[in-house]
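Chain by chain, the residues:
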Amino acid sequence: MRFALLNGQRVEATPGALGYCPGCNAAMLARCGTKKVWHWAHKGRHHCDHWWENETEWHRDWKNRFFTDWQEVPARDETGELHIADIKTPYDLVIEFQHSAIKSDEVRKRTDFYGQVIWIIDGTRRPTDLTQYERMLSENYPERFDGVDIYTVYCE
Ligand SMILES: [Zn+2]
């Protein structure tokens, strides 16, 4: 994750730093290597949000288009299930950035959890990704996506 809590402040990972997860309050360690973007990782256990994707520059570039207060916002449903939205606005609109492959039932589950979600899915990882995602959206979500445009955006 980009942010952990330290003395009530959201702080970024720096070498040797310690912090606490804004979702579950577990201790976090700063991971500041050369291969991955600098990030926070839960100390000695898996991420409290099993939907969480390892962050890449692609995720960070997208998140950084929004206010930092809107980034990595914990959300719980009425059962107490916890997830951390990539972006959540003060109007409860969630934006999820999905870099790795995701199945349509997962998209549905996560959309149902958050209520209203804009999905930004990387369709450029493999040559077939874009056509597969377009097919997934049109075939599996006729009721939800009927009349909704799917935008293909080419980003530099
Ligand atoms: Zn956590």
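Relevant structure appears above.
What counts and how
- Residues numbered from 1 in each chain as written.
- Predicted model: local features only at pLDDT ≥ 70, side-chain atom pairs only at ≥ 80, totals over all residues.
- Heavy atoms only, no water.
- Helix = DSSP H or I, 4+ residues; strand = E, 2+ residues; numbered from the N terminus.
- Buried < 20%, exposed > 50% of the residue type's maximum accessible area, 1.4 Å probe, protein only.
- Lys, Arg positive; Asp, Glu negative; His and termini not counted.
- Salt bridge = Lys/Arg side-chain N within 4 Å of Asp/Glu carboxyl O.
- Polar contact = N/O pair within 3.5 Å; in protein donor to acceptor, adjacent residues only side chain to side chain.
- Core = buried A, V, L, I, M, F, W, Y, C linked by side-chain atoms within 4.5 Å.
- Domains from an automatic or database assignment.
- Contact = heavy atoms within 4.5 Å.

A. Representation of the side chain of Glu-96 in the model. Tracing the sequence through the fold places Glu-96 in strand β8 (residues 94-98). Here Glu-96 occupies a buried position and makes no salt bridge, while the nearest side chain of opposite charge, Arg-110, is found at 5.2 Å. Of the polar contacts made by the side chain of Glu-96, one reaches the backbone nitrogen of Asp-86; its length is 2.8 Å.

B. Region of interest: the nonpolar core. Ranked by size, the top nonpolar core spans 12 residues in total: Met-1, Ala-4, Ala-13, Ala-17, Cys-21, Met-28, Ala-30, Trp-40, Cys-48, Trp-52, Leu-82 and Ile-84. Elements supplying a minimum of two residues to this core: β4 (27-31) and β7 (82-88). A domain split of this core shows at least three residues from each of domain 1 (1-48) and domain 2 (50-156). Setting aside anything within four residues of it in sequence, one finds Met-1 in contact with Cys-21, Pro-22, Met-28, His-39, Trp-40, His-47, Trp-52, Glu-55, Arg-60, Glu-72 and Ile-84. Membership of the second largest hydrophobic core comes to 11 residues, among which are Val-94, Ile-102, Phe-113 and Tyr-114.

C. Up close: helix α2 (residues 104-114). Among the residues of α2, those classed as buried are Ser-104, Glu-106, Val-107, Arg-110, Thr-111, Phe-113 and Tyr-114. Gly-115 sits one or two residues past α2 and shows a positive phi near 100°.

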